[in-house]
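Descriptive analysis of the structure
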Number of protein chains: 2
Amino acid sequence: MPWKEYFERFLQKDRLATGRLINILESDEDRGLKRELMKACAAQKRDAYVVGITGVPGAGKSTLIDGLGCWLLDQGYTLGVICVDPSSPFRGGAILGDRVRFRNLNRRPGAFIRSMATRGHLGGLGTATRDVIQLLEAGGFDVIIVETVGTGQTEVEIVSAADTVILVTVPGLGDQMQVVKAGIMEIGDIFVVNQSDRPGAEETASRLKNELVMFGDRDGWTPVVIPTVATKGEGIPFLGEAVIRRKEFLVQRGQKQELHKRRKIESWSRLLEERFAESLGKFLQTNAVGKEVRRKVESGEIDIYEASERVWEDVLRDCCNQ
Amino acid sequence: MPWKEYFERFLQKDRLATGRLINILESDEDRGLKRELMKACAAQKRDAYVVGITGVPGAGKSTLIDGLGCWLLDQGYTLGVICVDPSSPFRGGAILGDRVRFRNLNRRPGAFIRSMATRGHLGGLGTATRDVIQLLEAGGFDVIIVETVGTGQTEVEIVSAADTVILVTVPGLGDQMQVVKAGIMEIGDIFVVNQSDRPGAEETASRLKNELVMFGDRDGWTPVVIPTVATKGEGIPFLGEAVIRRKEFLVQRGQKQELHKRRKIESWSRLLEERFAESLGKFLQTNAVGKEVRRKVESGEIDIYEASERVWEDVLRDCCNQ
C-alpha cells in the first residue's frame with residue numbers, strides 16, 4: 001500500500017496506519033519518502049499541546065502517565081504518548097513493552113502509545129522523535145505526552161520540544177541538593193513528588209518549593225509542586241488540572257504559538273546538524289584527505305585543532321556532494 | 001604571564017598553573033590560544049589511564065571517587081579528577097564545592113581536582129571536557145577520573161572518552177529492570193553497588209550479575225560487580241584492584257593504544273560538529289537566505305526537510321567564511 005493511503009487512514013486515527021508511518025520516520029532508508037510524509041504533515045497545519053515528562057529512572061513516570069493519560073481521556077482529549085527509551089550505543093531496542101508499562105491507558109480507545117528506541121546521532125531527542133511529535137500533531141491528537149528518562153541531555157532538549165515540562169522526583173533521593181546539582185530545576189513547569197507515601201515526602205516537596213521561590217517565575221508562570229502516589233491514583237486529578245491550567249495560560253498569553261514556532265526551528269537545526277555529522281563520518285572514512293589527516297591525528301603528528309583547520313573546507317566541499 | 005610559562009609550571013604539577021590553563025580551555029574567547037595550548041599538549045605524547053564514573057544522582061559517586069582516589073595515591077599513582085556537572089541550559093555554574101565533595105582527596109598532594117560546569121553546545125561531554133582530559137594527560141597524571149551525572153548522553157559518550165567505565169548503582173532503585181531500561185548495561189566495565197548496607201543490596205548485585213551473563217564478555221573483558229559502602233570505605237580496595245586489573249588487561253591486549261587513538265578521533269569529530277553547529281546558529285540569525293527560509297518554516301509555508309534542502313549549500317558556503 002502506498003504511503004498516501006496509510007496517511008489517509010492515519011488521519012482517521014487508524015492505529016496500524018499510524019504505526020506504519022512512524023516506522024517510515026524511524027527508518028534511515030528512504031529520505032525522499034520521509035520528506036514527502038513530513039510535508040503532508042506540515043500541510044495539516046495543526047498544533048497539539050506537547051507535554052514532556054522527565055526525571056530519574058525508577059521515579060514511576062510510566063505509572064504517572066498511565067494515570068494522567070486516562071484522566072485526560074476522561075476530559076475528552078485525544079492523546080498520543082511517545083516514550084523515548086535511551087537506546088544503547090551498541091544495541092538498539094526498547095526493552096519494556098508498552099502493555100506492561102501502561103496497563104490502563106493501553107486498553108483505552110483515543111490513546112495512541114509508541115516507544116521509540118532511536119535517538120539522534122548527536123544524542124538527545126533525535127530527529128525521529130521530533131518528526132513523530134509533528135506526525136501525531138498532524139494527526140489531530142489534542143495532547144502529546146513525551147516521556148524521557150534520565151537527567152542528561154534529553155531532559156534539556158525536551159524544553160525546546162514541549163509546551164510544558166513535568167519533572168518527576170521521589171522522596172529520599174540523597175540530599176535534595178541533588179535536584180539543584182543536576183541543574184534541571186529551571187526546566188520544570190510542573191514538579192511531581194511521586195511515591196509521596198514514602199518517608200520524607202513532605203520535606204522533599206517543601207525544599208522543592210523553596211528552590212522554586214529562588215528561581216522565581218518563568219515568563220509569568222509560577223511552577224507548582226504536586227505530591228502523587230501514582231500506583232494508587234492519588235494526586236492524579238491535581239496533576240491533570242495543572243497540566244490543563246498551564247495550557248490555558250500559554251494560549252491566553254500568546255506563548256503557545258511562539259513555542260510552536262520555536263519547536264519547528266529547533267527541529268530544523270537538529271536536522272541540519274545531523275546531516276552534517278553524517279557527512280563528516282563518511283568524510284573521515286572515505287575521503288583521501290580525511291583519511292590522511294585522520295592518520296596524522298592518530299599518530300599524534302598533529303593536534304585536533306590543527307587537523308580541524310586542515311580539513312574544514314574539504315569537509316564542507318564533501319558535504320555538498322552528498 | 002604568557003601561557004608558555006604557565007605550561008612549564010603545569011608540567012611541574014603546579015596547581016595554580018594547571019587551573020589557569022583549564023580556564024583557557026573552558027573559555028570561548030581565544031581560539032588561537034586554545035589551539036597553541038592543545039598543540040603543546042599533543043607534543044608531550046603522553047597517555048594516561050582514563051576512568052569514567054557514572055550513575056544516577058545520589059548514588060554516592062563523589063564519596064566513591066574520594067575513596068578510590070586516595071587508594072590510587074596510596075599505590076603511588078598521580079591522579080587528576082574532572083567532575084562534569086551538567087550545567088543548566090539557562091544558567092551556568094558548578095554548585096557543590098570540591099572541598100565538600102572530596103573531603104579526604106582534597107587534602108592529598110598528587111591529586112588535582114576540577115569541576116567543570118561547561119558542556120558542549122550539542123550536549124554530552126563537550127569539547128572543553130575532552131580538552132581538559134588531554135591537558136591532564138599531557139601533564140603526566142597517571143590516572144584521570146572523569147565523573148559524570150545522570151543516565152543520558154554524557155554516559156554514552158563517556159565510553160568514547162574513557163578506557164574504563166565504572167557504573168554506580170544503589171539498592172532499591174525501583175525495579176532492577178530500570179538498569180536495563182536505561183540502556184546502559186553495555187557501557188560498564190566495572191559495576192559498583194554502593195550503599196550496600198541498605199536492604200536489597202544482595203538482590204541488586206545478583207540481578208546485575210545475571211544481566212551481565214546475558215550480555216557476555218566485552219572484547220575479552222568480563223565485567224565485575226563490586227558491593228561498596230563508600231561512606232565507610234568498605235569495598236574500596238576491591239574497586240581499586242579491579243580498576244588496576246582492567247588497566248593491565250588493556251595494556252596486555254594492546255587495546256590501550258587503540259582506545260587512545262579512538263579518543264582522539266572522537267574529540268576531533270565533536271570539535272568539527274560543534275564548529276558547524278555554531279556556524280549554523282549564526283547563519284539562521286544573520287544570513288538573508290537563512291532568515292527568509294526561517295520565516296517560511298515558522299509560518300508553516302514549507303516543512304523542515306524542504307527547508308534543509310533549500311539552505312544546505314548556503315549554510316556550507318557561510319561556514320567557509322566564518
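Cut-offs and rules
- Each chain carries its own residue numbering, running from 1 in the written order of its sequence.
- Just so you know, chain letters begin at A and ligand numbers begin at 1, following the order they were written in.
- Totals for whole chains, interfaces and linings use every residue, but because this is a predicted model, local features are given only for residues with pLDDT of at least 70 and side-chain atom pairs only at 80 or more, for both listing and counting.
- For helices the rule is a DSSP run of H or I covering at least 4 residues; for strands it is a run of E covering at least 2, with both sets numbered from the N terminus onward.
- Whether a residue is buried, exposed or partly exposed is read from the other C-beta atoms within 10 Å of its own C-beta, which are placed from the backbone; 20 or more gives buried, 12 or fewer gives exposed, and intermediate counts give partly exposed.
- Each residue is represented by a C-beta atom placed from its backbone, and any two residues with such atoms within 7 Å are regarded as in contact.
- A fitted line through C-alpha atoms serves as each axis, taken over the contacting stretch for helices, and the angle formed by two N-to-C directions is quoted from 0 to 180°.
- Angular relationships are summarised with four words: roughly parallel below 35 degrees, roughly antiparallel beyond 145, roughly perpendicular across 65 to 115, and oblique for the angles in between.
- Throughout, the ten residues Ala, Val, Leu, Ile, Met, Phe, Trp, Tyr, Cys and Pro are labelled nonpolar, Asp, Glu, Lys and Arg are labelled charged, and all others, Gly among them, are labelled polar.
- When DSSP finds at least two bridges between two strands, those strands are taken to pair.
- For every residue, the predictor states its confidence as a pLDDT score lying anywhere from 0 to 100.
- Handedness of each helix crossing follows the sense of rotation of the near helix against the far helix: counterclockwise by less than a right angle gives left-handed, clockwise gives right-handed.
- Note on terminology: a nonpolar core is any set of buried Ala, Val, Leu, Ile, Met, Phe, Trp, Tyr and Cys residues joined through C-beta atoms within 7 Å.
- Each direction from the helix axis to a C-beta atom contributes to the arc, which is the arc of those directions.

1. Here we look at the overall build of chain A
- For chain A, the helix and strand inventory stands at 13 helices and 7 strands.
- Counting over 322 residues, chain A shows a buried share of 50%.
- When contacts within chain A are restricted to residue pairs at least 6 apart in sequence, those whose partners lie at least 24 apart make up 74%.

2. Concerning the packing of helix α13 (residues 304–320) of chain A against helix α13 (residues 304–320) of chain B
- Where α13(A) contacts α13(B), the axes come no closer than 10 Å and their chain directions differ by 170 degrees. One way to sum up the angle between α13(A) and α13(B) is to call them roughly antiparallel. On α13(B), the residues touching A:E313, A:L316, A:C319 and A:C320 of α13(A) are B:E313, B:L316, B:C319 and B:C320.
- In the contact of α13(A) with α13(B), the residues fall into 6 nonpolar, no polar and 2 charged.

3. As for the sheet that holds strand β3 (residues 111–116) of chain A
Residues and elements named next belong to chain A.
- Spatial ordering of the open sheet is given by β3-β2-β4-β1-β5-β6-β7, a layout of 7 strands whose pairing is parallel. With one partner strand each, in any of the chains shown, β3 and β7 (224–227) form the two edges of the open sheet. Taking each pair of neighbouring strands and ignoring which way they run, the sheet shows an average axis angle of 20 degrees.
- Across the face of the sheet, helix α6 (residues 127–138) comes into contact with β1 (49–55), β2 (79–84), β3 and β4 (143–148) while running at roughly 175 degrees to β2.

4. Some points on the sheet that holds strand β6 (residues 190–193) of chain B
Residues and elements named next belong to chain B.
- Ordered by their spatial adjacency, 7 strands build an open sheet running β3-β2-β4-β1-β5-β6-β7, and the pairing between neighbours is parallel. On the outer flanks of this sheet lie β3 (111–116) and β7 (224–227), each paired with one strand and no other. Neighbour-to-neighbour, the strand axes of the sheet open up by a mean angle of 20 degrees, direction not taken into account.
- Bridge count for β6 against β7 is 4 bridges, and the pairing is parallel. If you follow V193 over to β7, its bridge partner there is P227.

5. Considering the pairing of strand β6 (residues 190–193) of chain A
Residue and element names in this part refer to chain A.
- Neither face of β6 is exposed, since I190 and V192 on one face and F191 and V193 on the opposite face are all buried.
- Strand direction decides the pairing type here: strand β5 (residues 164–169) and β6, joined by 4 bridges, are parallel. If you follow L167 over to β6, its bridge partner there is F191.

6. Section: the confidence of the model for chain A
Residues and elements named next belong to chain A.
- Taken residue by residue, chain A gives an average pLDDT of 83. The fraction at 70 or more is 85%.
- The least confident element of chain A is helix α8 (residues 177–181), whose mean pLDDT is 44; the most confident is helix α10 (residues 236–252), at 97.
- Of the regions scoring below 50 in pLDDT, residues 87–96 engages in 23 contacts with residues more than four places distant in sequence or in other chains.
- Throughout residues 175–182 the model reports pLDDT below 50, and contacts reaching past four residues in sequence, or to other chains, amount to 23 contacts.
- The ipTM for the predicted assembly is 0.75, set against a pTM of 0.74.

7. Remarks on the pairing of strand β4 (residues 143–148) of chain B
Residues and elements named next belong to chain B.
- Burial analysis of β4 places 6 of its 6 residues in the buried class, which makes it a mostly covered element.
- Of the two faces of β4, both are covered, the one formed by V143, I145 and E147 as well as the one formed by I144, V146 and T148.
- Relative to β4, strand β1 (residues 49–55) runs parallel, the two being bridged by 5 bridges. Note that in β4 the partner of V51 across the bridge is I145.

8. Here we look at the packing of α13(A) against helix α11 (residues 255–286) of chain B
- With their axes 10 Å apart at the nearest point, α13(A) and α11(B) run at an angle of 55 degrees to one another. Compared by their axis directions, α13(A) and α11(B) come out oblique. In this structure, α13(A) meets α11(B) at a crossing whose hand is right-handed. Each of A:I304, A:A307, A:S308 and A:V315 in α13(A) lies in contact with α11(B), whose residues at this interface are B:K264, B:S267, B:W268, B:L271, B:L272 and B:R275.
- Class assignment of the residues belonging to the contact of α13(A) with α11(B) gives a composition of 6 nonpolar, 2 polar and 2 charged.

9. Observations concerning the nonpolar core
- With 165 residues, the main nonpolar core has A:V143, A:I144, A:V146, B:V143, B:I144 and B:V146 as its most contacted residues.
- In this structure B:V146 touches B:V50, B:G52, B:I82, B:V84, B:I133, B:I158, B:A161 and B:A162, once residues within four positions along its chain are discounted.

10. Topic: unusual backbone geometry
Residue and element names in this part refer to chain B.
- Residues other than glycine seldom take positive phi values, yet K45 does so here, at roughly 45 degrees.
- Structurally, K45 can be placed in the loop between α3 (31–44) and β1.
- You can call K45 exposed: it has 10 C-beta atoms within 10 Å.
- In this structure, Q195 is a non-glycine residue whose phi angle is positive, near 60 degrees.
- Residue placement: Q195 occurs in the loop between β6 and α9 (201–215).

11. A look at helix α1 (residues 3–11) of chain A
Residue and element names in this part refer to chain A.
- Along α1, the residues classified as buried are Y6, F7 and F10. For α1, the angular spread of the buried residues around the axis is 105 degrees, confining them to a single face. For α1, exposure combined with an orientation more than 90 degrees from the buried face picks out K4, E5 and E8.
- Buried residues along α1 sit in contact with α2 (15–26) and α3 (31–44).
- Positioned one or two residues after α1, K13 has a phi angle of 65 degrees, which is positive.

12. Some remarks on the environment of A:K291
- Relative to the elements of secondary structure, A:K291 occurs in helix α12 (residues 288–299).
- The exposed category is assigned to A:K291, around which 12 C-beta atoms lie within 10 Å.

13. Some details on the environment of B:R31
- The residue B:R31 is located in helix α3 in this model.
- Separated by 188 residues in sequence, B:R31 and B:D219 place their C-alpha atoms 38 Å apart.

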